[in-house]
Amino acid sequence: MDLSVSIAGIKFKNPVTVASGTFGHAEDFYDDKELRRLGALIPKTVTLFPRQGNPPPRIVETPAGMINAIGIENPGVDIFITDKLPLLKAIGIPVIVSVSGANYEEFRILVEKVNAAGVTAVELNLSCPNLGKHSLVAQDPAAVERVVRLAKKHSRIPVCAKLSPNVTDIAQIAAAAEQGGADALSLVNTFQAMVIDVEKRRSKLGNFTGGLSGPAIRPIAVFMVHQVYRRIKIPIIAMGGIMAPDDALQYIIAGATMAAVGTANFIDPGTPLAVLRGVEDYLKRHGMQRISELRGSLQS
Amino acid sequence: MKKIQGVYKITANQKISGSYYHLKIAAPDIGRGVLPGQFVHVRVNDGLEPFFRRPFSVFRGGKSLEILYDVVGPATKQLAAKRPGETLDVIGPLGHAFTLPDKNIRVVVLIAGGVGIAPFLTLTDKIRLKKLDKILLYGGRTKANIVSLKAFRDNGCRIHVATDDGSAGVKGRVSGLFSKIPLDPSTTLIYACGPRPMLAAIQSFAAQHGMRGELSYEEVMACGLGACLGCAVQTRKGYKTVCHDGPVFPLEEVVF
Ligand SMILES: Cc1cc2nc3c(=O)[nH]c(=O)nc-3n(C[C@H](O)[C@H](O)[C@H](O)COP(=O)(O)OP(=O)(O)OC[C@H]3O[C@@H](n4cnc5c(N)ncnc54)[C@H](O)[C@@H]3O)c2cc1C
Ligand SMILES: Cc1cc2nc3c(=O)[nH]c(=O)nc-3n(C[C@H](O)[C@H](O)[C@H](O)COP(=O)(O)O)c2cc1C
Ligand code: FES
């Protein structure tokens, strides 16, 4: 059975990966042997300079999900490349590095540094809702196209644009990224949200608002992937509330090339491998030889 | 030790006093490797409500894994309804343990508020045979919420109790017992676990008298593995994760 997928000519041995910001310190938990079975790894977004992140509390539980306002805490791209990346590369599967710039110039430098570090692909996080600005790159089609075009100009490796769901028409943004030359799209990032502590009449997050993730967002994210798949030609890395094989299958049937497990890693760190096994079983059960037979096979 | 995830059988789950329960799980692979102050991350059911796992200090390790818990909300309520024979999905052992006293230390003072006493039993197990003066200062709301202290007495602790309503020990907060702490920083070590205001009071008391020690801190957790960076605490060295860098921190490090 052939589970392999490809993005911009690069082959991944299966469609299951992990979403940025949800899989740190995996080395303490997994055997390398287990990790090596995943299709790819996408570590937490790095920025040009270190970021200390948002004040606590940074997370709150919600019905079937969570809201986070981590604030892209990270050591900065240089320390990431010297201290963390070698460990990730040593696992021996493709690493897609997520970057986020505060402006075009930062995006350019980040893309160049990541290229020089020798990774499989770069993901542009255009959609983090926690940077404290009034709007996001990911909400402005012209800005999306421009960042992607710039990144492409400075990158030898494939460029993937990660989109925010906090927009009126995500297919329009997806089309702008494709227009800019993106090799793939990741969707979705988290939905802006908040929870109020009624006794204190305050937000339950130190940063006031945050991003909702987990099964609560899955039906909306599946619909968005469906909309985007209809509009564009480039591959989609889909995510949003994948807890079990069926959830990943929904995305693949809707048109996704890869499916990333995010929040579920916090609830059951065995989820990515369980999803992989489940996808395999599904293909067997349905007598399919290749994952490509399933992709975008939604009946209307 | 490598972190282990498994589904284990509950062997006992008993109410011990007030809203406190004592849970035993047959998880020898986790239980045998536990160090004092480490915790386990428990999924109380297979569904989505509550969504997160819940962290609990290991009350006692070994062949069975024991947890002492206070029923305070949805997860602990569901936990209290579990019967022996049912199973729990547990990840552990997690986090940094207490540093054991070195050879210059003569007196160890454990300060616990409420269910904060949980991580101290394994600590006293470890130092039971050492020639140390072991003092336990224990504060609770009322007599009904004071756990049995026999195991601590058996481990050689001298115990002083305070309750908010005076129904056991002296009336008032555990800070009213600070006078029992020998003020010699070179030979005395403080370990603290309990509500934040109590930890803050201990930190300032220690600073005032130049005392050293460690505290165990709590924050809401998602992964428990250092992956999400959700359990950040402000320290004098920047934000740290409670699950991975903690939950045990030097007394002076956490910023309250
Ligand atoms: C390292 C550590 C060790 C702990 N050890 C013990 C113990 O030995 N015995 C014990 O009774 N309790 C312990 N706790 C606290 C215990 O985790 C909470 O009481 C429990 O999560 C409450 O869940 P609930 O749904 O019943 O109540 P909720 O209504 O959800 O919460 C009640 C309180 O628990 C805190 N809490 C809720 N969810 C979490 C979470 N995911 N992680 C951390 N805190 C949370 C909340 O801030 C709130 O103050 C420990 C916490 C930590 C961080
Ligand atoms: C705690 C946490 C941290 C995250 N950090 C990042 C990040 O650094 N960069 C990023 O692009 N997405 C980040 N995300 C978003 C996830 O990668 C994913 O897009 C989103 O959570 C939806 O998938 P899920 O419902 O499976 O979690 C984060 C999500 C969570 C819950
Ligand atoms: S709970 Fe995820 S990093 Fe601590």
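Residues numbered from 1 in each chain as written. Chains lettered and ligands numbered in written order. Predicted model: local features only at pLDDT ≥ 70, side-chain atom pairs only at ≥ 80, totals over all residues. Heavy atoms only, no water.

Q: Residues and numbers for the interface of chain B and chain A, please.
A: Interface size, as often reported, equals the accessible area lost upon joining of the parts. Across the boundary between the two partners, chain B contributes 27 residues, which contact 36 residues of chain A. In total, chain B and chain A occlude about 2600 Å² of area from one another, counting both sides; carbon and sulfur atoms represent 62% of this. Considering only the surface of chain B that becomes buried against chain A, Phe51, Leu229 and Tyr239 of chain B emerge as the three largest contributors, covering 27% of it. Scanning the region where chain B abuts chain A turns up one salt bridge. Across the salt bridge formed by Glu61 of chain A and Arg54 of chain B, the nearest N and O atoms sit 3.0 Å from each other. Inspection of the chain B/chain A interface yields seven residue pairs in polar contact (both at pLDDT 80 or more). Looking at the side of chain B that touches chain A residue by residue, the classes come out as 16 nonpolar, four polar and seven charged. (Contact = heavy atoms within 4.5 Å. Buried area = accessible area lost by both parts, 1.4 Å probe. Salt bridge = Lys/Arg side-chain N within 4 Å of Asp/Glu carboxyl O. Polar contact = N/O pair within 3.5 Å; in protein donor to acceptor, adjacent residues only side chain to side chain. Nonpolar A, V, L, I, M, F, W, Y, C, P; charged D, E, K, R; others polar.)

Q: Could you give me a rundown of a nonpolar patch on the surface, with the residues and numbers involved?
A: On the surface, Met194, Ile196, Val198 and Phe208 of chain A cluster together to form a nonpolar patch covering roughly 420 Å² of accessible area. Within the secondary structure layout, Val198 of chain A lies in the loop between strand 11 (196–197) and strand 12 (202–203). (Patch = residues over 30% accessible without salt bridge, like charges linked within 9 Å, V, L, I, M, F, W, Y side chains within 5 Å. Areas by Shrake-Rupley, 256 points an atom, 1.4 Å probe, with all protein chains shown as cover. Helix = DSSP H or I, 4+ residues; strand = E, 2+ residues; numbered from the N terminus.)

Q: Outline the pairing of strand 2 (residues 20–26) of chain B, listing residues and values.
A: Residues and elements named next belong to chain B. Of all seven residues in strand 2, five are buried; the element is thus mostly enclosed. Here seven bridges tie strand 1 (residues 4–17) to strand 2, and the two strands are oriented antiparallel to one another. Bridging from a neighbouring strand, Asn13 pairs with Leu23 of strand 2. A loop of two residues connects strand 1 with strand 2, the two strands running antiparallel in sequence, and Gly18 in this loop sits at a positive phi of about 50°. Pairing geometry for strand 2 and strand 5 (residues 65–70), over six bridges, is antiparallel. In the sheet register, Ile25 faces strand 5, and the bridge partner there is Leu65. (Buried < 20%, exposed > 50% of the residue type's maximum accessible area, 1.4 Å probe, protein only. Pairing = 2+ DSSP bridges.)

Q: Which residues make up the sheet that holds strand 4 (residues 59–62) of chain A, and what values do they have?
A: All names here are of chain A. Reading across the sheet, the four strands line up as 4-5-13-10 and stay open at both edges, with antiparallel pairing between neighbours. Of all the strands in the sheet, just strand 4 and strand 10 (191–193) have a single pairing partner and so form its edges. Neighbour-to-neighbour, the strand axes of this sheet turn through a mean angle of 35°, independent of strand direction. Direction of pairing for strand 10 relative to strand 13 (residues 210–213): antiparallel, over a ladder of three bridges. Directly across from Ala193, in strand 13, lies its bridge partner Gly210. (Axes fitted to C-alpha atoms, helices over the stretch in contact; angles between N-to-C directions.)

Q: Just give me the short version of the pairing of strand 6 (residues 96–99) of chain A, but keep the residues and values in it.
A: All names here are of chain A. Alternating residues of strand 6 divide into Ile96 and Ser98 and Val97 and Val99, and every residue in both groups is buried. Where strand 6 meets strand 7 (residues 121–125), four bridges bridge the pair, whose relative direction is parallel. Residue pairing across strands places Ile96 opposite Ala121, the latter belonging to strand 7. Of the crossover connections in this fold, the one passing from strand 6 over helix 3 (residues 104–116) to the parallel strand 7 is right-handed. (Right-handed = clockwise from strand over helix to strand, strands pointing away.)

Q: Give me the side chain of Ser98 of chain A: which residues, what numbers.
A: Residues and elements named next belong to chain A. Relative to the helices and strands, Ser98 resides in strand 6. For Ser98, a relative accessible area of 1% translates into the label buried. For Ser98, the side chain forms a polar contact with the side chain of Thr45, separated by 2.7 Å. Apart from residues lying up to four places away in sequence, Ser98 is in contact with Ser20, Ile42, Pro43, Lys44, Thr45, Val46, Glu123 and Asn125.

Q: Which residues make up the site of ligand 1, and what values do they have?
A: Residue and element names in this part refer to chain B. Around ligand 1, 21 residues are found, and the nearest of them are Arg54, Pro55, Ala75, Thr76 and Met221. In this structure, Asp70 approaches ligand 1 through a main-chain N or O atom, which is 2.9 Å from an oxygen atom. At 2.5 Å from an oxygen atom of ligand 1 is found a side-chain nitrogen or oxygen belonging to Thr76. Alone, ligand 1 offers 850 Å² of accessible surface; in the complex the protein occludes 80% of this. Only strand 4 (54–57), strand 5 and helix 2 (74–80) provide two or more residues apiece to the shell around ligand 1. Examining the composition of the shell around ligand 1, we find that four residues originate from one element, strand 4, more than from any other. By residue class, the composition of the shell around ligand 1 is 13 nonpolar, three polar and five charged. (Near = heavy atom within 4 Å.)

Q: Can you explain the sheet that holds strand 3 (residues 39–43) of chain B? Please cite residues and give values.
A: Residues and elements named next belong to chain B. Taken in spatial order, the six strands of this open sheet run 4-3-6-1-2-5, and their pairing is antiparallel. Edge strands, defined here as strands with exactly one partner in the open sheet, are strand 4 and strand 5. Recorded for the sheet is a direction-independent mean angle of 40° between the axes of neighbouring strands.

Q: Residue-level account of the packing of helix 4 (residues 141–153) of chain A against helix 5 (residues 170–179) of chain A, with values.
A: All names here are of chain A. Look at helix 4 against helix 5: their axes get within 7 Å of each other, and the N-to-C directions meet at 30°. Put simply, helix 4 runs roughly parallel to helix 5. Crossing hand, helix 4 versus helix 5: right-handed. Between helix 4, through Pro141, Val144, Glu145, Val148 and Arg149, and helix 5, the contact on the second element is made entirely by Gln172, Ile173, Ala176, Ala177 and Gln179. A class-by-class count of the residues in the contact of helix 4 with helix 5 yields six nonpolar, two polar and two charged. (Parallel < 35°, antiparallel > 145°, perpendicular 65-115°, else oblique. Left-handed = near helix turned anticlockwise from the far one by under 90°.)

Q: Provide a residue-level description of the pattern of salt bridges, including the pertinent values.
A: Residue and element names in this part refer to chain A. Overall, the coordinates contain 17 salt bridges over all chains when judged by the stated rule. As a salt-bridge pair, Arg108 and Glu105 come within 2.5 Å of each other at their nearest N and O atoms. Of this pair, Arg108 and Glu105 both sit in helix 3, separated by three residues, roughly a single helical turn. For Glu105, a relative accessible area of 42% corresponds to the partly exposed category. One connected set of salt bridges, linked through shared partners, spans Glu105, Arg108 and Glu112.

Q: An account of helix 5 of chain A is requested, with residue identities and associated values reported.
A: Within an α-helix, residues lying three or four positions from one another point in the same direction, as the helix has 3.6 residues per turn. All names here are of chain A. Of the residues making up helix 5, those classed as buried are Ile170, Ala171, Ile173, Ala174, Ala176 and Ala177. In the core, the buried residues of helix 5 are packed alongside helix 4, strand 8 (159–162), strand 9 (184–187) and helix 6 (218–231). The distance from a side-chain oxygen at the start of helix 5 to the backbone nitrogen of Ala171 is 3.1 Å, and the residue carrying that oxygen is Asp169. One or two residues past the end of helix 5 sits Gly181, with phi positive at roughly 105°.

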